[in-house]
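Remarks on the overall topology
Given next are the chains, with one letter for each unit.
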Amino acid sequence: MRVLPNNFTFPFSRVRFWRFFLLHYDSLKNSLNQRILLKRILILAIIYFLTARLGLSLAQSTEQVTAIWAPSGIALAGLLIFGYRIWPGILIGAFAANVMAREPFLTAVGIAVSNTAVGLAGAYLLKEKLGFKNGLGRVRDVIAFVVAGAFLSSLIGSILGTLNLAISQIIAWEQFARIWLVWWLGDMAGILLVAPLILVWANRESRNFLASKLWEARLFFLLLLMTAGIIFLRIPETISPYAYLMLPFIVWAGLRLRPIGAVTANFVIATIAVIGTFAHRGPFTGNDSLEVNLILLLVYFFVFSMTSLIMAASIEEGEEAQTQAQHRIYYDSLTDLPNRFYFFEHMSKLLTESKIKQSYALLNIDLDRFKTINDSLGHILAEDLLKFVAARIRSVIDIGSFMARSGGDEFAVLVNETSERQNALNTAEDILESLKKPFVIDGYELHVTASIGISSFPNDAADASSLLNTAKAALHRAKGLGRNNFQFYTESLASTTFQQLTMENALRRSIQNREMLVYFEPQIELSGGKIIKNEALLRWQHPTMGLVRPSEFIELAEVTGMIDEIGDYALEKAIAQTAEWHKSGLPVGVAVNLSSRQFNQTDLGQKISGWLQKYRLPSKLLELELTERTLLAEADLVRRIMEELGRIGVNFTIDDFNTGYSSLSYVKQFNIDVLKIDRSFVAGIPNNAHDRAIAITIIQLAHNLGKVAVAEGVENKRQLEFLIKNHCDRAQGYLFSPPLPADSCFEFMASKSIWVKEMVTAI
């Protein structure tokens, strides 16, 4: 074959359609690529030639046309796997086969061109127009393959080929329609029979799947060979319904063995059936014409093969969708690391099932001053930085360690530990060392450091939740010592700094001094724009620090145990205020956050029931928001309290769903009524594809489980439009109103309800 010189260009070589098929010098200038391409062309030519000679030996209508043309399937599969530029192999193989059959030169060229056109047209339509994937794992791929790969491409090739035979006067024009039909059906049969077999067996994942079901596959194909042999190789009879006994095997292959089992079963059945029909045996021998018998066989094969392929693709597509949904739930969309709740679930399992008392160390890693980068350079660049940081940390930890993204700029690593804590120390040093090299992103050279808190199991903590808390305390210590270092947890760590002691003392005086306030954030029903609920949010009005948010003192309150008194105060206040509104003609509900420690109170159910009776608030208006960590803390106690309160009509919400620790099994185990979409996901919609997918997944999950989906942190109308379009039930956020003191919230509900309704219903 002659390679085009450097200075030669086709006049149409710049047209996109043709560039796929031209052997342009630029694609061949690398000698290795040239040898590989020429080798593939030669192999395809040889295989096409040999199968074409076999196919021509089966010709009935004329010496050039056969009812089954396997080379077309080989050609199409080759082009789909190796690319368009191996098309000369088809041309050479087809031409050589027809020359050997003593066809005139021009006739052989014309037939070779039509055979090549079948493969090129099918490959181009499938890849460029229909987005075809070779594994045939989607129903759309199966349909596209049948329509474009087999039906249309064969139609093109058969018309060209039959015209060539008629013009060459090899067939009479009166025979044109019959010969064209046989040619067309023959090409389609070859493509449907051979191409799927090659495509699927060339896929490593498909082969691995079949290997995982090796014994079932062996039994299946043994029974298939025996049954097909009995049906298609037996002496023919007048009535032949036996061919439909293959249906159970078609269903078996489609449901259990995926596309690779389905296409292999189709090939085996078709091969045995063709052999039997040519030998005048089996159910397809009712006509005197072998050609007619073969066409009837092809119709039978087409129906059965499409049935099995569509069944297999449906099963695989469903499993793939389920896998992707599970991946979105368990893995972080940005770094593709396990997310926080998957990490916690995995760690809990390891610590609980550690029968040999294996020691572990948890490294809580937080990037220093990451917020500065995010605020100054934008969240897109900051997200890119997080991906690179995650990859670099992952590259230096041991293979046996388990790493996750546990928060915005936080990562967690669980390592197998020795009694001397050497593994944790080495890992922390390696991580800090790896971050010394700057990150270059979009022309910016970014220097990143990290603070690391380390806690050991079982020395520092007896369970996963405690291990997280102690590692967090060690992390705070590392940050307090100037960042860019690591610290091991010690028992006195939580109360050693002066600042912490000062905050603790102030917190103890806050309730006595009436510094704790309850704010309310309206929650809107998106179907009608009605204000139906307020979320009660705790604020600390410190005399010198001003208004302190919960994120700045709740963790300390939990560590010191003051959360019991603070939480009870907030809950009673919220119930009392809502009851007062209810009496004044505003029957709104209230949602109150409860900490995991509050649920350790064995008399919590009695307290809440007593407050509801005291203030005469209908229990259906109370909604308790729980974190996923709460559900994991004391499962039996939590379940008992939830059942006790659920009997009187109290509802329950999982707050910040999909950012915590638990798996979906906890949604099923506990009587949860509402799933709340965290503001970190709402903030990215509708622009961020990952946040959109997560929000939609949570909404659909809630509805599929018969629960309510609530979005928090809604700040603009585009977010609201997205939530309404995807049937989110409720929303809250600054678009409607920030958290307000009780008096301001009452004024908002009384004066702004019509405005809220008009804004929601206008979308």
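Residues numbered from 1 in each chain as written. Predicted model: local features only at pLDDT ≥ 70, side-chain atom pairs only at ≥ 80, totals over all residues. Heavy atoms only, no water.

A count of helical and extended segments in the protein chain gives 30 helices and 16 strands. Expressed as a percentage of the 763 residues in the protein chain, the buried residues total 51%. (Helix = DSSP H or I, 4+ residues; strand = E, 2+ residues; numbered from the N terminus. Buried < 20%, exposed > 50% of the residue type's maximum accessible area, 1.4 Å probe, protein only.)

This next bit is on the packing of helix 29 (residues 742–751) against helix 30 (residues 753–761). When two helices pack together, their arrangement is captured by the angle between the axes and the distance separating the axes. It is the contact of helix 29 with helix 30, at a shortest axis distance of 4 Å, that shows an interaxial angle of 60 degrees. Classified by the angle their axes make, helix 29 and helix 30 are oblique. Counting all contacts with helix 29, which are made through Phe748, Met749, Ala750 and Ser751, the residues of helix 30 involved are Ser753, Trp755 and Val756. Looking at the contact of helix 29 with helix 30, its residues break down into five nonpolar, two polar and no charged. (Axes fitted to C-alpha atoms, helices over the stretch in contact; angles between N-to-C directions. Parallel < 35°, antiparallel > 145°, perpendicular 65-115°, else oblique. Contact = heavy atoms within 4.5 Å. Nonpolar A, V, L, I, M, F, W, Y, C, P; charged D, E, K, R; others polar.)

The subject of this paragraph is the confidence of the model for the protein chain. The share of residues in the protein chain with pLDDT of 70 or more is 88%, and the mean pLDDT across the chain is 83. When the elements of the protein chain are averaged for pLDDT, helix 1 (residues 16–19) gives the smallest value, 44, and strand 16 (residues 730–731) the largest, 94. Scored below 50 in pLDDT, residues 1–29 makes 42 contacts in the model with residues more than four places away or belonging to other chains. (pLDDT = per-residue confidence, 0-100.)

In space, the five strands of this open sheet follow the order 2-3-1-6-7, with mixed pairing throughout. Across the chains shown, the open sheet's two edge strands, defined by having one partner strand only, are strand 2 (402–405) and strand 7 (486–488). This sheet shows a mean twist of 20 degrees between the axes of neighbouring strands, independent of strand direction. Relative to strand 6 (residues 450–457), strand 1 (residues 360–367) runs antiparallel, the two sharing eight bridges. Paired with aspartate 366 across the two strands is serine 451, which belongs to strand 6. (Pairing = 2+ DSSP bridges.)

This part is about the environment of asparagine 651. Tracing the sequence through the fold places asparagine 651 in strand 13 (residues 651–657). Here the alpha-carbon distance between asparagine 651 and serine 619, two residues 32 residues apart in the chain, equals 8.4 Å. Apart from the residues lying within four places of it in its own chain, the contact partners of asparagine 651 are Lys620, Leu622, Glu623, Leu624 and Asp673.

Here we take up the packing of aromatic side chains. Enumeration according to the criterion identifies 22 aromatic pairs in this entry. Pairing tyrosine 330 with phenylalanine 341 gives two aromatic rings, centres 5.4 Å apart and planes at 50 degrees, and the pair type is tilted. Of this pair, tyrosine 330 sits in helix 13 (residues 290–330) while phenylalanine 341 sits in helix 14 (residues 340–352), and the two are eleven residues apart along the sequence. Just as tyrosine 330 is buried, phenylalanine 341 falls in that class too. For the ring pair tyrosine 330 and tyrosine 342, a centre distance of 5.3 Å and an interplane angle of 70 degrees mean the geometry is edge-to-face. Placement of the pair is tyrosine 330 in helix 13 and tyrosine 342 in helix 14, with a sequence separation of twelve residues. By relative accessible area, which is 15% here, tyrosine 330 ends up buried. Cluster of aromatic residues (ring-pair linked, three or more members): Tyr330, Tyr331, Phe341, Tyr342, Phe343 and Phe402. Just above the ring of tryptophan 215 sits the side chain of arginine 218; from NZ or CZ to the centre is 4.7 Å. A cation over an aromatic ring shows up here: lysine 752 above the ring of tryptophan 755, its NZ or CZ 6.0 Å from the ring centre. (Phe/Tyr/Trp six-rings, centres within 6.5 Å; stacked < 30°, edge-to-face > 60°. Lys NZ or Arg CZ within 6 Å of the ring centre and 35° of its normal.)

The next thing to look at is a nonpolar patch on the surface. Where nonpolar side chains cluster on the molecular surface, the patch consists of Ile143, Val147, Phe151, Leu152 and Ile310 and spans about 380 Å² of accessible area. For the nonpolar patch, the element with the most residues is helix 7 (residues 139–167), which contributes four residues. Among the structural elements, valine 147 can be located in helix 7. For valine 147, a relative accessible area of 43% gives the class partly exposed. (Patch = residues over 30% accessible without salt bridge, like charges linked within 9 Å, V, L, I, M, F, W, Y side chains within 5 Å. Areas by Shrake-Rupley, 256 points an atom, 1.4 Å probe, with all protein chains shown as cover. Salt bridge = Lys/Arg side-chain N within 4 Å of Asp/Glu carboxyl O.)

Right, let's get into the nonpolar core. Inside soluble globular proteins, nonpolar side chains tend to come together where they are buried. Grouped together as the largest cluster of nonpolar side chains are 82 residues, with contacts concentrated most on Leu622, Leu624 and Leu723. No other element matches the eight residues that helix 21 (residues 563–583) contributes to this core. With residues near it in sequence (within four places) discarded, leucine 622 still touches Leu571, Ile575, Val590, Val592, Ile608, Leu612, Val650 and Asn651. The next biggest cluster of nonpolar side chains, apart from the first, holds 81 residues, and it includes Leu79, Leu199, Leu257 and Leu298. (Core = buried A, V, L, I, M, F, W, Y, C linked by side-chain atoms within 4.5 Å.)

The subject of this paragraph is unusual backbone geometry. The omega torsion across phenylalanine 457 and proline 458 is 5 degrees, close enough to zero to call that bond cis. Along the chain, proline 458 turns up in the loop between strand 6 and helix 18 (464–480). With an omega of 5 degrees, the peptide bond between isoleucine 685 and proline 686 qualifies as cis. You can see proline 686 is positioned in the loop between helix 26 (679–682) and helix 27 (689–704). Its identity as a non-glycine residue notwithstanding, aspartate 442 has a phi of 50 degrees, on the positive side. In this fold, aspartate 442 is placed in the loop between strand 4 (439–441) and strand 5 (444–446). In this model, asparagine 484 sits at a positive phi of 55 degrees, which is unusual for a non-glycine residue. Examined against the element boundaries, asparagine 484 turns out to sit in the loop between helix 18 and strand 7.

Before going further, it helps to examine the pattern of salt bridges. By the definition in use, this model includes 17 salt bridges. Notably, a salt bridge pairs lysine 436 with glutamate 433, separated by 3.1 Å at the nearest N-O pair. Given the relative accessible area of 47%, glutamate 433 is considered partly exposed. Between glutamate 623 and lysine 533 there is a salt bridge, with its nearest N and O atoms 3.8 Å apart. Of this pair, glutamate 623 sits in strand 12 (residues 622–626) while lysine 533 sits in strand 9 (residues 530–542), and the two are 90 residues apart along the sequence. Residue glutamate 623 is classed as buried on the basis of its relative accessible area, which comes to 1%. Connected via shared salt-bridge partners are Glu535, Glu625, Lys676 and Glu712.

At a closest axis distance of 9 Å, the pairing of helix 8 (residues 176–201) and helix 12 (residues 258–278) adopts a crossing angle of 145 degrees. In this structure, helix 8 meets helix 12 at a crossing whose hand is left-handed. Between helix 8 and helix 12, the residues in contact are Leu193, Pro196, Leu197, Val200 and Trp201 and Pro259, Ile260, Val263, Thr264, Asn266, Phe267 and Ala270, respectively. Considered class by class, the residues forming the contact of helix 8 with helix 12 number ten nonpolar, two polar and no charged. (Left-handed = near helix turned anticlockwise from the far one by under 90°.)

Tracing the backbone shows phenylalanine 176 in helix 8. Once you skip the residues sitting within four places of it in the chain, phenylalanine 176 turns out to touch Thr162, Leu163, Ala166 and Ile171.

Over its 13 residues, helix 4 (residues 70–82) runs 18 Å from end to end, which matches the ideal 18 Å to within 8%, given 1.5 Å per residue. Of all the 13 residues making up helix 4, ten are buried; the element is thus mostly covered by neighbouring parts of the structure. Taken residue by residue, helix 4 has Pro71, Ser72, Gly73, Ile74, Ala75, Leu76, Ala77, Gly78, Leu79 and Leu80 as its buried positions. Directly beyond the C-terminal end of helix 4, a positive phi value near 105 degrees is found at glycine 83. (Expected span 1.5 Å × (residues − 1).)

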